[in-house]
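Topology and contacts: notes
Letter by letter, the chains look like this.
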Amino acid sequence: MACDVNEPGASYHDYANDSTLSLTLKQFQLSKNVVCQKCGQFHEPYGTHLYDYHQAVDEDLMCQICLQPLVNPLDTKCGHTYCSRCLKNYLKIQRQCPVDRQPLAVHDVQSSSILVRRLLDKLLVVCPNVDYCEEVLPRCELEAHLLHRCRGAVTKCIKSTLGCTFQGPRSALQSHLWECQFRDQDGGKNPVLDGEVSTIEIQRSRADLGISIVGGNDTPLGCIVIQEVFPDGVVAEDGRLMPGDQILEVNGEDLTQASHYKAQQVLGHYFPVCRLTIYREKAEENRPIEKEEILKITLGKVKGKQLGIKLVGKRIGPGVYILNLVPGSLAALDGRLRPDDRVLEINGTDVSYGSQEQAAQVIQTTEDRVQFVISRCSRPQTPDLIRSTADSGVIHPNYENHRPFASVAGQQGEKLVTVSKVFISQEPQETLGISVAGGIDSPRGDTPIYITNINLTGCLGKTRQVKKGDILLSINGKSLLGLTHNQAVSLVKQNTEANVICLKIIEGSETSYGQGNFTPTWLFWQKVPSVCQTIKTVTLLRSPSGSLGFSLVGGSDKDTGPSVPVHVKSVVMETPAAKDGRLKCGDILLSVNQHSLVNVTHSLAVDLLKQADGAVTLTAVSWPGTIV
């Protein structure tokens, strides 16, 4: 008995109520022993993907071949829409539309509109691994969920290359590894592979791993990324992890949905053996070369109608380009010219290095026909690891609740603290009784001066007006910003001899209690006002075939939530950005080649970096990550 496809919560391919059929299907599935990585279901290699939908789906979004919601929909010239695989498999047998039987071939179909595809992507589906996972999520996120997060996804042992035959749910992998017969072989050192998910074990001889992290699902980065690996630390001694690696799991704890503070807590737990699941982005060996087509297109002029071609020049180089086509014009109705086509010739006149005025004049002086020779480049979607994918554009659900980045350019509360030694101390030479850290060129980078510890019986401690984590802006009217640590300490000491000391501070968003020193997290720095930022300039040189080697997240896209600064998500090793060493994961990008990235959309930020060739100059604000 098949379930009603219009029933809420129905599974469009669930025949579980028919025990005989269910058993037969299960036996078939086991015999095939292949599960689709995209949908998590068993089906023929070229069959349509199968999903368990959480809610009823509108009939207009259903494929008339498989009677399921559309997957990668294609529109026919006769106005019908089908799943891509359904239609292509059908046309191999019959070259006609399945509904109205009109003649139809593969070249007569085209992809459905972006709006339709977005509606389908947002359909809620249930994770197929229901025995281990109860996740309900948009259909477009299921593949990444199965690959990185699902506790029930079938996985192999990390020692499979040595001969281990274990296959089972990810949740069982941890217990298996403790008793795997191949555990101690190969020195226990499986490598971290580029472009793949890898699981490694690190012998943790000390409490700290010796790394710093940025990101989290409550930040624009959306994931936990290693910013630095400290020399002589546990991770550095192991030698496999690098800055830019994403941490997906720690000793069975899923970090793909963890906040920054949760990840800090999990990574801080001490275990003699630290088992980490890592994803390392893979850099393009060569910058993808654009595919160039040279086309000849002839348009006939019609009296009383305009060609409707708008021409423009570009800053990135010489030449004349088509900006757009006027709706309803001859060129728009013809459909062969496209925006961004470069015009090389018009009626035999070379305009490849001409101006738009020259090109327009040639067109206007032509009476009957205009023959264009144009160059059309098809650009790859993801050059230079600068990506405009769902991963980088999504603002995660927790972000609305936390929004730690909204105050990056805002003003946190400044506070004046006045200390009169006459009333609180009988020793005019007494120091302030605080320890400070930070400053320009400090070991952790360029930060303002902040309080790490306070002597509660000291000059400032008695006032109870300051706390660990407060940022010092000035003392007795003399600014502490932009100074090295030694310069700032010297200035503070010079002013402690005064009877009255006036401090301007910014109250820190974090503090610590007890005897130990305060250590700020990466989120602490994200909340400080712009007056505390030190802007650095980084120039990276790439050849036409080279890669910059970093990926971006953030931007002011209206459909992805509140505006956030453009951040560097990851830096890939052995690329110009990594070799230069100044650009770090979690950095805020302010400009590229003098084009501002403040309050720009994510796609515009990506385009600006795509177009930048040769020497690429970036300005950025860099904050140290959280030490674990």
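Here the structure is shown first, and the text comes after it.
Structural notes, computed from the coordinates.

Moving on, we get to the overall build of the protein. If you tally the helices and strands in the protein, you get 16 helices and 33 strands. Residue burial in the protein is summarised as follows: out of 628 residues, 47% are buried. Taking the contacts inside the protein whose residues are at least 6 apart along the sequence as the reference set, 62% of them involve residues at least 24 apart. Summed over its atoms, the accessible surface of the protein is roughly 32100 Å², and 50% of this surface lies on carbon and sulfur atoms.

Turning our eyes to something else, we now look at the side chain of lysine 536. Tracing the sequence through the fold places lysine 536 in strand S27 (residues 535–542). On the accessibility criterion, lysine 536 (18% relative accessible area) is buried. At 3.2 Å, the side chain of lysine 536 forms a polar contact with the side chain of aspartate 587. A polar side-chain atom of lysine 536 sits 3.5 Å from a polar atom in the side chain of serine 622.

Pairing is antiparallel across the open sheet formed by 3 strands, whose spatial order is S1-S5-S6. If you trace the sheet from one side to the other, it starts and ends with strand S1 (52–53) and strand S6 (136–138), each paired once. For S1 and strand S5 (residues 124–126), the ladder comprises 2 bridges, and the chain directions are antiparallel. Within the sheet, the bridge partner assigned to aspartate 52 lies in S5 and is valine 126.

Bringing the packing of aromatic side chains into the picture now. Enumeration according to the criterion identifies 6 aromatic pairs in this entry. Between tyrosine 450 and phenylalanine 518, the ring centres sit 6.3 Å apart and the planes meet at 85°, which makes this aromatic pair edge-to-face. Of this pair, tyrosine 450 sits in strand S23 (residues 445–454) while phenylalanine 518 sits in the loop between strand S26 (500–506) and helix H14 (522–526), placing them 68 residues apart in sequence. With a relative accessible area of 4%, phenylalanine 518 lands in the buried category. Centroid distance tyrosine 450 to tryptophan 525: 5.4 Å. Interplanar angle 75°. Geometry classified as edge-to-face. One end of the pair, tyrosine 450, is in strand S23; the other, tryptophan 525, is in helix H14, with 75 residues separating them in the sequence. No difference in accessibility class separates tyrosine 450 from tryptophan 525, as the two residues are buried.

Glancing now at the environment of isoleucine 535. The residue isoleucine 535 is located in strand S27 in this model. A C-alpha to C-alpha distance of 5.1 Å links isoleucine 535 and valine 621, two positions 86 residues apart in sequence. Residues contacting isoleucine 535, with those up to four places away along its chain left out, are Leu590, Thr619, Ala620 and Val621.

What follows concerns the side chain of asparagine 453. Considering the arrangement of structural elements, one finds asparagine 453 in strand S23. Among the polar contacts listed, one links the side chain of asparagine 453 to the side chain of asparagine 517, at a separation of 2.8 Å. Apart from the residues within four sequence positions on either side, asparagine 453 is in contact with Gly433, Ile434, Ser435, Lys468, Gln515, Gly516 and Asn517.

Attention now moves to helix H13 (residues 485–495). Structurally, the α-helix is built with 3.6 residues per turn, so residues lying three or four positions apart point the same way. For H13, every residue scored as buried is listed here: Ala488, Leu491, Val492 and Asn495. Taken end-on, H13 shows its buried residues confined to a sector of 100°, consistent with a single buried face. Opposite the buried face of H13, at more than 90 degrees from it, the exposed residues are Asn486, Lys493 and Gln494. Residues of H13 that are buried sit in contact with S23, strand S24 (471–475), strand S25 (478–479) and S26.

Turning our eyes to something else, we now look at the environment of serine 474. Along the chain, the position of serine 474 falls in strand S24. Counting along the chain gives 30 residues from serine 474 to lysine 504, while the straight-line C-alpha distance between them is 5.2 Å. In contact with serine 474, not counting residues within four places along its chain, are Ser479, Leu480, Cys502, Leu503 and Lys504.

Positive phi is not limited to glycine here, since leucine 67 has a value of about 60°. Tracing the backbone through its elements, the reader meets leucine 67 in the loop between S1 and strand S2 (73–75). In this structure, asparagine 347 takes a positive phi of about 50° despite not being glycine. Within the secondary structure, asparagine 347 is located in the loop between strand S18 (342–346) and strand S19 (349–350). On the basis of relative accessibility, which here comes to 32%, the residue asparagine 347 falls in the partly exposed class.

With respect to topology, 3 strands assemble into an open sheet ordered S3-S2-S4, the strand pairing being antiparallel. The open sheet is flanked by strand S3 (81–83) and strand S4 (110–111), the only strands paired with a single partner. Here S2 runs beside S3; their pairing, made up of 3 bridges, is antiparallel. Bridge pairing in S3 places leucine 74 opposite tyrosine 82.

Looking now at the nonpolar core. Note that soluble globular proteins tend to have their nonpolar side chains buried in a common cluster. Ranked by size, the top nonpolar core spans 43 residues in total, and within it Ile471, Phe550, Leu583, Leu589, Val592, Leu609 and Leu618 carry the most contacts. In this view, valine 592 contacts Leu597, Leu608, Leu609, Ala612, Val616, Thr617 and Leu618; residues no more than four positions away in its chain are not counted. Membership of the second largest hydrophobic core comes to 30 residues, among which are Tyr53, Val71, Tyr82 and Leu120.

Counting across every chain of the model gives 13 salt bridges. Arginine 444 serves as the salt-bridge partner of glutamate 228, at 3.5 Å between the closest nitrogen and oxygen. Residue glutamate 228 is found in strand S11 (residues 224–229), and its partner arginine 444 is found in the loop between strand S22 (434–442) and S23; the two are separated by 216 residues along the sequence. The class of arginine 444 is partly exposed, set by a relative accessible area of 24%. Residues joined in a network through salt bridges with shared partners are Asp194, Asp245 and Arg280.

Criteria and cut-off values
- Residues numbered from 1 in each chain as written.
- Predicted model: local features only at pLDDT ≥ 70, side-chain atom pairs only at ≥ 80, totals over all residues.
- Heavy atoms only, no water.
- Helix = DSSP H or I, 4+ residues; strand = E, 2+ residues; numbered from the N terminus.
- Buried < 20%, exposed > 50% of the residue type's maximum accessible area, 1.4 Å probe, protein only.
- Contact = heavy atoms within 4.5 Å.
- Areas by Shrake-Rupley, 256 points an atom, 1.4 Å probe, with all protein chains shown as cover.
- Polar contact = N/O pair within 3.5 Å; in protein donor to acceptor, adjacent residues only side chain to side chain.
- Pairing = 2+ DSSP bridges.
- Phe/Tyr/Trp six-rings, centres within 6.5 Å; stacked < 30°, edge-to-face > 60°.
- Arc of directions from axis to C-beta.
- Core = buried A, V, L, I, M, F, W, Y, C linked by side-chain atoms within 4.5 Å.
- Salt bridge = Lys/Arg side-chain N within 4 Å of Asp/Glu carboxyl O.

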